[in-house]
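# Chains, contacts and geometry: an overview
The primary structure of each chain is shown beneath.
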Amino acid sequence: MQYLLLEIRLFFICLAFLTRIPSPNWIGFKEEWLHHSIKYSPSVGLLLGSIQFVVFLLFHFLFGPTIGFTISLGFLLILTGAFHEDGFSDFCDGIGGGWKREDILRIMKDSRVGSFGAVGICLLVLLKVLGAYETFSYFQRKNLPMISNLTNDFHLIIVWLYFVSAHTLSRFLSVFVMKLLPYAKEEGYAKPMAKEITWPQILFASLLGVLPYLSLAYLHPNFFLSLLCIIPSYIYMVRLMKRWIQGFTGDCLGAVQQVVETCIWISGVFIWNFI
């Protein structure tokens, strides 16, 4: 019973860390719980992906899939406080504007948004919306069941898996960076979560991190080809971090999550239109 209670606490601590969703008062807080809670990041992704799917579904019937997706994306930005998007923006500013490790880390720490960050976040959101638009438009043109008949329970599950996979897999791969690279700073917002990441924690995170994606790829095997977009982008991000700052920061984790999530949204375009 004590173990179950601790795990519930860890989930809510991770939820409160990554979103603006409040935790019950009885959860409490201890700093040593924080680094153990990171294994629940894909679980939070499952919740966020499900919420975005429900919002999309509601507005899809009123305004169509493109506007429905855009509204669902905006709702999620409010719900998370643009937590990972802010990390991506800082990452763009740091890598784009710094030439030395110390300069990059200093720029990333600056709360102000620079030109690289502004352009990067605009392109990121635009790619998500256009990726979803092209994918959903293809299914509507072909009158295929993924979007054309959302009243069918099976088709609802497929679309739900599409939303959830974008959030769970991206958060798992973000967590996995903690095992590949050391923390780049002496102190920082992500330092308590970054220390002592273990293989059992990685394995736990992989359960919900990978399962929705595998389920979607099982139902639509072509979706495995999205790895052709995800893997090179992920490797490139890790190499950038290793080369320029010899590790990762909290902003780097947010950037990885956003890049992988965007790769999933845009991968549907070439999977369905060209294959």
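Counting starts from 1 at the beginning of each chain's written sequence and moves along it residue by residue. Note on the predicted model: pLDDT of at least 70 is required for a residue's local features to be given, and 80 or more for side-chain atom pairs to be given and counted; whole-chain, interface and lining totals, by contrast, use all residues. Side-chain figures throughout are based on the complete set of non-hydrogen atoms in the structure, without hydrogens or water.

## Structural notes on the UniProt feature "transmembrane region" (unreviewed entry) in the chain
UniProt positions are given in the numbering used here, feature names are shortened, and annotations may be inferred rather than shown by experiment. In the numbering used here, UniProt assigns the "transmembrane region" (unreviewed entry) feature to residues 46-79, 113-134, 154-177, 197-216 and 222-238. Runs of H or I in DSSP of at least four residues are treated as helices and runs of E of at least two as strands, each being numbered from the N terminus. In this annotation, residues 113-134 is assigned 91% helix and 0% strand; the end-to-end C-alpha distance for the span is 30 Å. The straight-line gap between the two end C-alpha atoms of residues 222-238 is 26 Å; of that span, 71% is helix and 0% is strand.

## Some details on the side chain of Lys128
Mapped onto the elements of the fold, Lys128 is located in helix H7 (residues 115-141). We classify Lys128 as buried; its relative accessible area is 2%. Only heavy atoms enter the contact rule, under which two residues are in contact if any of them lie within 4.5 Å. In this structure Lys128 touches Phe69, Leu73, Glu85, Gln258, Glu261, Thr262 and Trp265, once residues within four positions along its chain are discounted. Any residue under 20% of the maximum accessible area for its type is buried, any over 50% is exposed, and the rest in between are partly exposed; the area is computed with a 1.4 Å probe on protein chains only.

## Let's talk about the state of the cysteines
Cysteine sulfur atoms that pair up within 2.5 Å are treated as a disulfide. The final tally for this structure, using the stated rule, is 0 disulfides. In this structure Cys263 is not part of a disulfide, and its nearest cysteine sulfur, from Cys229, lies 3.5 Å away. The exposure class of Cys263 is buried, given its relative accessible area of 5%.

## Details of helix H11 (residues 199-219)
A rise of 1.5 Å per residue sets the reference length of H11, with its 21 residues, at 30 Å; its end C-alpha atoms lie 29 Å apart and thus fit the reference within 8%. At Ser206, H11 is deflected by roughly 35 degrees, the largest bend along its length. All of the buried residues along H11 are Gln201, Ile202, Ala205, Ser206, Gly209, Pro212, Tyr213, Leu216 and Ala217. Helix span, expected: 1.5 Å multiplied by one less than the number of residues in the helix. Throughout, bend refers to the angle between the axes fitted to the seven residues that end at a position and the seven residues that start at it.

## Remarks on the environment of Gly49
By the secondary structure assignment, Gly49 is in helix H3 (residues 41-63). Gly49 has contacts with Phe163, Val164 and His167, leaving out every residue within four places of it along the chain.

## What to know about the packing of aromatic side chains
Each Phe, Tyr or Trp ring, with Trp reduced to its six-membered ring, pairs with another whose centre is within 6.5 Å; inter-plane angles below 30 degrees give stacked pairs, above 60 give edge-to-face pairs, and intermediate values give tilted ones. In total, this model carries 17 aromatic pairs according to the counting rule given. Summarising the aromatic geometry, the rings of Phe163 and Trp265 are spaced 5.2 Å apart at their centres and angled 75 degrees between planes, so their arrangement reads as edge-to-face. Pair noted here: Phe163 is in helix H9 (residues 153-180) and Trp265 is in helix H13 (residues 250-274), with a separation of 102 residues, a long-range link. Of the residues examined, Trp265 reaches a relative accessible area of 0% and is grouped as buried. Over the face of the ring belonging to Phe204 we find Lys39, whose NZ or CZ atom lies 4.7 Å from the ring centre. Two conditions define a charge located above a ring, namely a distance within 6 Å from the ring centre to NZ of Lys or CZ of Arg, and an angle within 35 degrees of the ring normal.

## Observations regarding the pattern of salt bridges
By definition, a salt bridge exists where a carboxyl oxygen of Asp or Glu is found within 4 Å of a side-chain nitrogen of Lys or Arg. If you walk through the whole model with that rule in mind, you get 5 salt bridges. Note that Arg112 is salt-bridged to Asp110, the shortest N-O span being 2.8 Å. The salt bridge partner of Lys128 is Glu261, with a shortest N-O separation of 3.3 Å. Of the two residues, Lys128 is situated in helix H7 and Glu261 in helix H13; the sequence distance between them amounts to 133 residues. With relative accessibility at 2%, the residue Glu261 sits in the buried group.

## Describing the packing of helix H1 (residues 2-18) against H3
Each axis is a line fitted through C-alpha atoms, taken for helices only over the stretch in contact, and angles between the N-to-C directions span 0 to 180 degrees. Packing of H1 against H3 brings their axes to within 9 Å, and their N-to-C directions diverge by 65 degrees. If you check the angle between H1 and H3, you find them roughly perpendicular. The chirality of how H1 crosses H3 is right-handed. Contact residues: H1 offers Phe11, Cys14, Leu15 and Leu18, while H3 offers Ser41, Ser43, Val44 and Leu47. Under the grouping applied here, Gly and all other residues not named as nonpolar or charged are polar, the nonpolar ones being Ala, Val, Leu, Ile, Met, Phe, Trp, Tyr, Cys and Pro and the charged ones Asp, Glu, Lys and Arg. Broken down by class, the residue content of the contact of H1 with H3 amounts to 6 nonpolar, 2 polar and no charged. Angles below 35 degrees are treated as roughly parallel, those above 145 as roughly antiparallel, those between 65 and 115 as roughly perpendicular, and all remaining angles as oblique. Take the far helix as the reference: if the near one is turned anticlockwise from it by less than a right angle, the crossing is left-handed, and if turned clockwise, right-handed.

## Regarding helix H12 (residues 227-244)
Compared with an ideal rise of 1.5 Å per residue, which puts 18 residues at 26 Å, H12 spans 25 Å between its outermost C-alpha atoms and is within 8% of the ideal. By the burial criterion, the buried members of H12 are Cys229, Ile230, Tyr234, Met237, Val238, Leu240 and Met241. Buried residues in H12, looked at end-on, bunch into an arc of 155 degrees, giving them a common side. Structural note: H12 exposes Leu228, Tyr236, Arg239, Lys242 and Arg243 on the side pointing more than 90 degrees away from its buried face. Taken from the residues just after H12, Gln246 is the one with a positive phi, measuring 55 degrees. Directions pointing from the helix axis toward each C-beta atom define the arc.

## Things to note about the nonpolar core
In this structure, Phe69, Phe91, Phe163, Val177, Phe223, Met241 and Phe248 are the most contacted members of the largest nonpolar core, which totals 58 residues. Ranked by residue count, the leading element in this core is H9, at 12 residues. Within this scheme, the nonpolar core is defined by two criteria: the residues are buried Ala, Val, Leu, Ile, Met, Phe, Trp, Tyr or Cys, and they are joined through side-chain atoms within 4.5 Å. Counting 14 residues, the second largest nonpolar core, distinct from the first, contains Leu15, Trp33, Leu76 and Leu79.

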